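Letter by letter, the chains look like this.
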Amino acid sequence: MPKGLVVQKYGGSSVANPERIKEVARRVVSYKQRGYSLVVVVSALADTTDELIELASAITGKPPEREMDMLMATGEQVSCALLAMAIDKLGYKAISFTGGQVGIITDSSHTKARIVKISAERLNNELKKGKIVIVAGFQGVTQENDITTLGRGGSDLTAVALAYTLNAKICEIYTDVEGVFTADPRIENRAKKISKITYDEMLEMASLGAQVMQSRSIEVAKKFGIPIHVRSSFSHKEGTMIISEAKKLEDVVVTGITINKNEAKITICNVPDKPGVAAKIFKEVSNAGINVDMIVQNVSHTRQTDISFTVLKTDLPKATRMTKKVANKIGTGEVLKDQDIARVSIVGVGMRSHHGIAATMFETLAENSINIEMISTSEISISCIIKKKFADLAVKALHEKFGLGK
């Protein structure tokens, strides 16, 4: 008797080489043997994406984004075809598809496209034939049939979107860690695995630097209530369930600490302090497709002010060019950039009903002689921009202060 559909996603480390691919094939087949239908989403083999980026940069410093998508989409095609072969060798029927072949239609925002719709008719036809369907993650096509990619970590989004479209029982995300931890276990060896975490907390942690899942995939999962199980492809232990509500003890205020070393800061000096100036600056940056995160504008005492904001390091060259362009138009001072920063954040739904959390965070950083350059808050998180050299120290100090290793 069929048990229903499971969508699984395997990251690059899970399919890093032929032996790992064979191991994934055995795991997938074990689900089939237990009566499940399966759609399996795979990322490119480990390091492939970085190698493709290096190839492009060896040709040009400014590759056209459309051509980058053509190049980057090849990595996932390799791994999904190899996995289909490995499953076939085990005596089970499998078929591999690109994102476009299974009807993942996106907008035309190359390198960070958004899914518009998924037809999935072809995919359903193959499932009805009893086949295991392997889908190349991270990619889709526009209405004009141009290949697009969904941004770094986009295979997570592919899996969650397919789980919603196909009404799957669960979406399993396989990675190289055993779930979501209170901090990066590579930095803090006392970090603990979290058995259950809410969509809100996971979304906040993902957007603030936790590399377990792509934040856009969590947004979709939360919107449609798709249960996600984050677990390791290197073991059979239970991982972390991401769900709408997780019962916690009253005193659990902070769930986790995140660190993001992939941001950079841009500062525009001597900006005229008058209405509309900030709007002009950030409209230009937005029009270039650059996502701005933290923004700090200093209080003006001289009719001029400094404005600082953070962007992803990958967007820094383009963001700097656009900022200098608009700075010249409105007559500001120098435009400075700083790549030597990190964002450390504390996250927890318990922060909604507790006071003094920010003060404790700031005191802990001060006790460790860590200067705060920028601060931002949400209902369930507090983030500080600090110098990158203090990043690991900040994580360890905050993890201990909030008792997350107990």
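Placed above this text is the structure.
Reading guide: rules and limits
Every residue gets a number counted from 1 within its own chain, in the order that chain's sequence is written. This being a predicted model, a pLDDT of at least 70 is required before a residue's local features are given, and a value of 80 or more before pairs of side-chain atoms are given or counted; all residues contribute to the totals for chains, interfaces and linings. Remark: hydrogens and water are excluded; side-chain values derive from all non-hydrogen atoms of the structure. Numbering of helices and strands runs from the N terminus, with a helix taken as a DSSP run of H or I at least four residues long and a strand as a DSSP run of E at least two residues long. Using a 1.4 Å probe on the protein chains alone, a residue whose accessible area is under 20% of its type maximum counts as buried, one over 50% counts as exposed, and one in between counts as partly exposed. Buried Ala, Val, Leu, Ile, Met, Phe, Trp, Tyr and Cys residues that are joined via side-chain atoms within 4.5 Å together make up what is termed a nonpolar core. We call two residues contacting when some pair of their heavy atoms lies within 4.5 Å. Like-charged residues are merged into a patch within 9 Å and nonpolar side chains (Val, Leu, Ile, Met, Phe, Trp, Tyr) within 5 Å, provided each residue has over 30% relative accessible area and no salt bridge. Using a 1.4 Å probe, accessible areas were evaluated by the Shrake-Rupley method; residue-level cover was limited to the displayed protein chains. By salt bridge we mean one thing: a side-chain nitrogen of Lys or Arg within 4 Å of a carboxyl oxygen of Asp or Glu. Side-chain atoms alone can form a polar contact between residues adjacent in sequence; in general such a contact is a pair of N or O atoms within 3.5 Å, and within protein one must be able to donate a hydrogen while the other accepts it. To estimate the expected span of a helix, count its residues, drop one, and scale the result by 1.5 Å. Between any two strands, at least two bridges found by DSSP are needed for them to pair. To obtain an axis, a line is fitted to C-alpha atoms, over the contacting stretch when the element is a helix, and the angle between two such axes runs from 0 to 180 degrees between their N-to-C directions. Each Phe, Tyr or Trp ring (for Trp, its six-membered ring) is paired with any other whose centre lies within 6.5 Å, and the angle between the two planes then decides the class: stacked below 30 degrees, edge-to-face above 60, tilted in between. Charge-over-ring contacts are defined here by two conditions on Lys NZ or Arg CZ: a distance within 6 Å of the ring centre and an angle within 35 degrees of the ring normal.

1. Some points on unusual backbone geometry
In step 1: With a phi close to 75°, Asp47 is a non-glycine residue in the positive phi region.
In step 2: Among the structural elements, Asp47 can be located in the loop between strand 2 (37-42) and helix 2 (48-59).
In step 3: Unlike most non-glycine residues, Asn270 shows phi in positive territory, near 50°.
In step 4: Its relative accessible area of 36% is what places Asn270 among the partly exposed residues.

2. Considering the nonpolar core
In step 1: In terms of nonpolar packing, the biggest core is built from 41 residues, with Val39, Leu123, Cys171, Met213, Ile228 and Ile242 touching the most fellow members.
In step 2: What Leu123 contacts, discounting residues up to four positions off in sequence, is Val39, Val102, Val133, Val135, Leu162 and Leu166.
In step 3: Ala342, Leu365, Ile370 and Cys384 belong to the second largest nonpolar core, which has 25 residues in total.

3. Let's talk about a nonpolar patch on the surface
In step 1: Together, Val78, Leu82 and Met85 line one region of the surface with nonpolar side chains, adding up to about 270 Å² of accessible area.
In step 2: As for its placement among the helices and strands, Val78 is situated in helix 3 (residues 65-89).
In step 3: Using a relative accessible area of 44% as the deciding quantity, one classes Val78 as partly exposed.

4. Focus: the pattern of salt bridges
In step 1: Using the criterion set out here, one finds 24 salt bridges in the structure.
In step 2: Across the salt bridge formed by Lys9 and Asp156, the nearest N and O atoms sit 3.0 Å from each other. Within this pair, whereas Lys9 is found in strand 1 (residues 5-10), its partner Asp156 is found in helix 5 (residues 154-165), the two being separated by 147 residues in sequence.
In step 3: Looking at Lys9, the relative accessible area reads 9%, which means it is buried.
In step 4: Take Asp156: its relative accessible area is 3%, and that puts it in the buried class.
In step 5: Residue Arg352 is joined to Glu379 by a salt bridge in which the shortest nitrogen-to-oxygen separation is 3.4 Å. On the criterion of sequence distance, the pair formed by Arg352 in the loop between strand 20 (341-347) and helix 10 (357-367) and Glu379 in the loop between strand 21 (374-378) and strand 22 (381-387) is long-range, its members being 27 residues apart.
In step 6: Exposure remark for Arg352: the relative accessible area of 43% places this residue in the partly exposed category.

5. Brief notes about the side chain of Gln139
In step 1: Here Gln139 shows up in strand 7 (residues 139-141).
In step 2: Within the structure, Gln139 has its side chain in polar contact with the backbone nitrogen of Gly99 (distance 3.2 Å).
In step 3: Look past the residues within four positions of Gln139 in its chain and what remains in contact with it is Ala73, Glu76, Gln77, Thr98, Gly99, Ile104, Thr148, Thr149, Leu150 and Thr158.

6. Considerations on helix 5
In step 1: The end-to-end C-alpha distance of helix 5, which contains 12 residues, comes to 16 Å, matching closely the 16 Å that a straight helix rising 1.5 Å per residue would cover.
In step 2: With respect to burial, helix 5 is a largely interior element, 10 of its 12 residues being buried.
In step 3: Taken as a whole, helix 5 has its buried residues at Gly154, Ser155, Asp156, Leu157, Thr158, Ala159, Val160, Ala161, Leu162 and Ala163.
In step 4: Positive backbone phi, approximately 55°, marks Asn167, located one or two places after helix 5.

7. Section: the sheet that holds strand 22
Strands in a sheet are paired, the pairing made by backbone hydrogen bonds, and the direction either parallel or antiparallel.
In step 1: Taken together, 4 strands build an open sheet; the order of strands is 15-20-22-21 and the sheet is antiparallel. Bordering the open sheet on either side are strand 15 (256-260) and strand 21, each of which pairs with just one other strand. Averaged over all adjacent pairs, the angle separating strand axes in this sheet is 20°, with direction ignored.
In step 2: As paired strands, strand 21 and strand 22 are joined by 5 bridges and run antiparallel to one another. Its bridge partner lying in strand 22, Ile375 is registered against Cys384.
In step 3: Its contacts with the sheet place helix 10 against strand 20, strand 21 and strand 22, and it is angled at close to 20° to strand 22.

8. Examining the environment of Lys128
In step 1: Looking at where Lys128 falls in the secondary structure, it is placed in helix 4 (residues 121-128).
In step 2: Using a relative accessible area of 71% as the deciding quantity, one classes Lys128 as exposed.

9. Comments concerning the packing of aromatic side chains
The geometry of two aromatic rings is summed up by the distance between their centres and the angle between their planes.
In step 1: Here the structure, examined in full by the defined rule, presents 4 aromatic pairs.
In step 2: Both rings, one in Tyr31 and one in Tyr36, keep their centres 5.8 Å apart while their planes meet at 50°; by these two values the pair is tilted.
In step 3: Owing to a relative accessible area of 17%, Tyr36 belongs among the buried residues under this scheme.
In step 4: Taking the centre distance of 5.2 Å and the plane angle of 75° together, the rings of Phe282 and Phe309 count as edge-to-face. Remark: Phe309 occurs in strand 18 (residues 304-312) and Phe282 occurs in helix 8 (residues 277-287); sequence separation between them is 27 residues.
In step 5: Looking at Phe282, the relative accessible area reads 17%, which means it is buried.
In step 6: Under the relative-accessibility criterion, Phe309 is labelled buried at 0%.
In step 7: Here Arg20 stacks its cationic end above the ring of Phe234, 4.0 Å away from the centre of that ring.
In step 8: Taking the ring centre of Tyr31 as reference, the NZ or CZ of Arg34 above it sits at 4.4 Å.

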